[in-house]
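# Remarks on the overall topology
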Amino acid sequence: MTAPMDVTGGDTEATPEAVVDASGDKAIQGRSLGQIAWMRLKRDKVALAGGLIVIFLILVAVFAPVIVGLLGQDPTQFNSDLIDSSTMVPKTGTGISADHLFGIEPVNGRDIFSRVVYGARISLLIAFLATLLSVVIGTLLGVTAGFFGGLVDSIISKTMDVFLAFPLLVFAIALAGIVPDSAFGLTGDTLRVSLLVFIIGFFNWPYIGRIVRGQTLSLREREFVDAARSLGARGPYIIFRELLPNLIAPILVYATLLIPTNVLFEAALSFLGVGVRPPTPTWGGMLADAVRFYTIPHFMFFPGMAIFITVLAFNLFGDGLRDALDPKAR
Amino acid sequence: MVTYIIRRLIWAVVMLTIVSIITFAIFFLVPRLAGATSESLAARYVGRTASAEQVKIAADKLGFNDPLIVQYGRFAKGIVAGADYDYGPGVERCPAPCFGYSFLTRLPVWPDLLDRLPVTLSLAIGAAVIWVLAGVATGVLSALRRGSLFDRAAMGVALAGVSLPIFFTGIVSLVIFSYGHPFRITAPGGSFTPFEENPAMWAYNLILPWITLAFLYAAGYARLTRAGMLETMSEDYIRTARAKGLNERRVVVKHGLRGALTPILTIFGLDLGLLLGGAVLTESTYSLPGMGKYAIDAITNQDLPKVMGVTLVAAFFVVFANLIVDLLYAVVDPRVRLG
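Residues numbered from 1 in each chain as written. Chains lettered and ligands numbered in written order. Predicted model: local features only at pLDDT ≥ 70, side-chain atom pairs only at ≥ 80, totals over all residues.

The name that an unreviewed UniProt entry assigns to chain B is Peptide/nickel transport system permease protein, with the source organism given as Microbispora rosea. Per UniProt, chain B carries the Sequence similarities (unreviewed entry) text "Belongs to the binding-protein-dependent transport system permease family." Its UniProt record gives chain B a comment under Subcellular location (unreviewed entry), which states: "Cell membrane". (UniProt positions renumbered as here; feature names shortened; annotations may be inferred.)

Under an unreviewed UniProt entry, the name given to chain A is Peptide/nickel transport system permease protein, and the source organism is Microbispora rosea. Checking UniProt for chain A, the heading Sequence similarities (unreviewed entry) contains the comment "Belongs to the binding-protein-dependent transport system permease family." Recorded in UniProt for chain A, the comment headed Subcellular location (unreviewed entry) runs: "Cell membrane".

Structure below.
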């Protein structure tokens, strides 16, 4: 990069985040990566919108009983009186009313609004916990592989290759399908949720693992690690105090982007009938029911849009976070 | 080059062996951990009328009481040399490659899978052609006109595309184009016509699944291509190529795209391999009788040998696709060192 012409290209104006807070008395302020990222994120309206929707969805999931309680419609309660007994379709077509904001299901007339709200609980709970599991395993093994290198690295890397060679979905369906309704001392929803968290989380760790390993490999050779080492620091100290703080940014970004993948994964398993069992409402399960009633589109619209909005919001926020935390980004 | 190919082949075989061991171990251990016994497994094969004594004999004869390693050895031998299953009332022959024998349907798994393969192949390859062409073209155009209206619109659609589950877009597409009459362009899901029988009907039945599946993937590929192109187009060698006086088309295609193509090839290999092992969601949304539908049906019927067989065959496709990709690397990316 010796060419002088480069000066004219690119943005030559100083970016405010780098230096100054001109209004105050203090001339120059140092800013941490976190502060810089937050400043950038605040400017990214799209990512911010995604983040707000994410917070909204989490609140909906947490306060589902309160929200549903306000309208007084239990998600598993049948409303046969609103169903036309000959066609099995809601009498008014959709059943949308002040009581049933999103209408009711055909056949048994369950309230779609409260089912979608409760569906958010299962979806987000499984997606978050599975992501957490992947991040823990992936970070642990990724750092170990990258830091120690040699034989340890090749064993862990080959293990990741084998995991990535698994036909994930087929395998997950098979595994979720062969476990009976009562196993490992658990039953019902608890068993299904733990099972899905384990399956989804356990097979997704190599994606995080690879990224962490790559980052560790390059960080390991940096001067500050040499400095720590020359001051007498040992393995665990270097890993936890020198490497991990520098790995938090990429881990955070990929965790945020893994959540929507896991939301889709859980929805797919529920759609195929191997997720959380009915009558517990899940978005995927509702879509599977809706396939048979394609003539009443509102039935598939609400759970489908719920999945779409959730995944989109996390993707928007994750993309924004990546741009904000990337020191190379403009 | 030859040593590289051989090394890569050996690793593929090792990988398949490991995958098969893990698959076998999991399908051996999980049902038992969850409370199944050798007798309860054998009982599913000899029929409901069998006495407890008969079930016990069958469990012994099928080797359900042998240690895991012995059972795996028998299974692996079956894939190479075929196997005989003696479950009491009779002996069933499962010729090589024996990926298991379903005692519920009294059929070996492999011929069943061969029957299903054309459906999955047609679906995956047809969709792959569409998504690669559409995705890469959109990505390149977006990168070249960064910040333009086209770029922003395309990336907006692409982001929505990767956020939509196929079983949602699939149902919606069926409602609009198939069940609903105004735009009826395709037969309702569930029908598949072999290519050699009637190519026109074949395409007619598959066009909707192709487009829906391709849309999902094209969105991801467009994002990936755009990011890759933005990176390679700012490399020094692009400036060199321009300085040499090459026309822009050549610079973009021969230099820019070629550099951006490597990560796309990697992802493509994985995606196609996974799809060939069964486009589970697409096939069940459109009721196409492919390998993915086979897997789902097997799981619904709790038919373990089928489930295991289809999982292994699916894994084979992924490993095979990865192998091909690694070999192609050497052709596409001049920087790859073989060694």
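The discussion continues.
Bringing the overall build of chain B into the picture now. The secondary structure content of chain B amounts to 13 helices and four strands. Looking at the 339 residues of chain B, the share that counts as buried comes to 39%. (Helix = DSSP H or I, 4+ residues; strand = E, 2+ residues; numbered from the N terminus. Buried ≥ 20, exposed ≤ 12 C-beta atoms within 10 Å, placed from the backbone.)

Our focus in this paragraph is the interface of chain A and chain B. Chain A puts 36 residues into the contact, and the matching count from chain B is 40 residues. When residues of the side of chain A that touches chain B are traced back to their parent elements, those giving at least two are helix H5 (150–164), helix H6 (168–178), helix H9 (235–271), helix H10 (283–291) and helix H11 (298–325) of chain A. Residue composition of the side of chain A that touches chain B, by class: 32 nonpolar, three polar and one charged. (Contact = placed C-beta atoms within 7 Å. Nonpolar A, V, L, I, M, F, W, Y, C, P; charged D, E, K, R; others polar.)

Residue and element names in this part refer to chain B. Taken domain by domain, chain B comprises domain 1 (2–98) and domain 2 (110–338). Taken together, the contacts link 13 residues of domain 1 with 13 residues of domain 2. Looking at side-chain class alone, the side of domain 1 that touches domain 2 contains ten nonpolar, two polar and one charged residues. (Domains from an automatic or database assignment.)

Further remarks concern the UniProt feature "transmembrane region" (unreviewed entry) in chain A. Mapped onto this numbering, the UniProt entry gives "transmembrane region" (unreviewed entry) at residues 46–71, 122–148, 160–179, 191–212, 251–276 and 296–318 of chain A. Between the end C-alpha atoms of residues 191–212 of chain A the distance is 31 Å, and the span holds 100% helix and 0% strand.

So, about the UniProt feature "transmembrane region" (unreviewed entry) in chain B. Residues and elements named next belong to chain B. In this structure's numbering, the residues bearing the UniProt feature "transmembrane region" (unreviewed entry) are residues 9–30, 119–144, 156–180, 200–219, 259–281 and 310–332. Split by type, residues 9–30 is 100% helix and 0% strand. Its first and last C-alpha atoms lie 31 Å apart. Measuring from the first to the last C-alpha atom of residues 200–219 gives 28 Å, for a span that is 100% helix and 0% strand.

Residue and element names in this part refer to chain A. Turning to its location among the elements, Ser114 is positioned in helix H4 (residues 112–148). Owing to 25 C-beta atoms within 10 Å, Ser114 belongs among the buried residues under this scheme. In this structure the C-alpha to C-alpha distance between Ser114 and Ser80, which are 34 residues apart in sequence, comes to 17 Å. The contacts of Ser114, once residues within four sequence positions are left out, are Val68, Leu71, Gln73, Asp74 and Pro75.

This next bit is on unusual backbone geometry. Along the chain, Pro278 of chain A connects to Pro279 of chain A via a cis peptide bond; the corresponding omega equals 10 degrees. In this structure, Pro279 of chain A sits in the loop between H9 and H10. One non-glycine residue with positive phi stands out, namely Ser287 of chain B, at about 50 degrees. Checked against the element boundaries, Ser287 of chain B lands in the loop between helix H11 (280–285) and helix H12 (291–300).

Turning our eyes to something else, we now look at helix H6 (residues 149–162) of chain B. Residue and element names in this part refer to chain B. Look at H6: 20 Å from first C-alpha to last across 14 residues, which is about the 20 Å you get at 1.5 Å a residue. The complete set of buried residues in H6 reads Ala154, Ala158 and Val162. One face of H6 carries all of its buried residues, which in axial projection span an arc of 65 degrees. Residues of H6 that are exposed and angled more than 90 degrees away from the buried face: Leu149, Ala153 and Gly156. (Expected span 1.5 Å × (residues − 1). Arc of directions from axis to C-beta.)

This paragraph deals with the confidence of the model for chain B. All names here are of chain B. The pLDDT averaged across chain B works out to 80; a share of 88% of its residues lies at or above 70. Across chain B, the element-wise mean pLDDT spans from 69 in helix H2 (residues 38–46) up to 90 in helix H5 (residues 109–144). This complex was scored by the predictor with a pTM of 0.83 and an ipTM of 0.82. (pLDDT = per-residue confidence, 0-100.)

On to the nonpolar core, then. A general feature of soluble globular proteins is that nonpolar side chains tend to end up buried together. Ala172, Ile173, Ala176, Ala268 and Leu287 of chain A together with Ala295 and Val310 of chain B are the most contacted members of the largest nonpolar core, which has 152 residues in total. In terms of residue count, the dominant contributor to this core is helix H8 (residues 199–232) of chain B (14 residues). Looking at this core, you find at least three residues from each of domain 1 (2–98) and domain 2 (110–338) of chain B. Residues Ala42, Val55, Ala59 and Leu62 of chain B belong to the second largest nonpolar core, which totals five residues. (Core = buried A, V, L, I, M, F, W, Y, C linked by C-beta atoms within 7 Å.)

Moving on: the packing of H6 of chain B against H8 of chain B. All names here are of chain B. The interhelical angle for the contact between H6 and H8, taken along N-to-C directions, is 130 degrees, at an axis separation of 8 Å. One way to sum up the angle between H6 and H8 is to call them oblique. Viewed along their axes, H6 and H8 form a crossing whose handedness is left-handed. Residues Ala154, Ala158, Gly161 and Val162 of H6 form the contact with H8, whose participating residues are Phe215, Leu216, Ala218, Ala219, Gly220, Ala222 and Arg223. The residue makeup of the contact of H6 with H8, split by class, is eight nonpolar, two polar and one charged. (Axes fitted to C-alpha atoms, helices over the stretch in contact; angles between N-to-C directions. Parallel < 35°, antiparallel > 145°, perpendicular 65-115°, else oblique. Left-handed = near helix turned anticlockwise from the far one by under 90°.)

All names here are of chain B. Buried within helix H3 (residues 52–61) are the following residues: Val55, Ala58 and Ala59. Looking straight down H3, one finds its buried side chains confined to an arc of 100 degrees; they lie on one side. The first or second residue beyond H3 is Gly63, which carries a positive phi of 80 degrees.

All names here are of chain A. For chain A, per-residue confidence averages 80 on the pLDDT scale, and 87% of positions sit at 70 or higher. When mean pLDDT is compared element by element in chain A, H4 scores highest at 91, while strand E1 (residues 182–183) scores lowest at 69. For residues 1–15, every residue scores under 50 in pLDDT, and the model assigns this stretch four contacts once sequence neighbours within four places are set aside. Of the regions scoring below 50 in pLDDT, residues 18–22 engages in five contacts with residues more than four places distant in sequence or in other chains.

Okay, the environment of Pro75 of chain A next. Residues and elements named next belong to chain A. Its place among the elements puts Pro75 in the loop between helix H3 (64–71) and H4. According to the C-beta neighbour criterion, Pro75 is buried, with 20 such atoms within 10 Å. Considered as a pair, Pro75 and Ile112 are 37 residues apart in the sequence and their alpha carbons are 7.5 Å apart.

All names here are of chain A. The N-to-C vectors of helix H2 (residues 45–62) and H11 enclose an angle of 135 degrees; their axes lie 7 Å apart at closest approach. By the criterion of interaxial angle, the relationship of H2 to H11 is oblique. In the crossing of H2 with H11, the sense of the turn from one axis to the other is left-handed. Taking contact as the criterion, the partners of Val46, Ala47, Ala49, Gly50, Gly51, Ile53, Val54 and Leu57 in H2 are, on H11, Ile309, Thr310, Ala313, Phe314, Leu316, Phe317, Asp319, Gly320 and Leu321. Per-class residue counts for the contact of H2 with H11 are twelve nonpolar, four polar and one charged.

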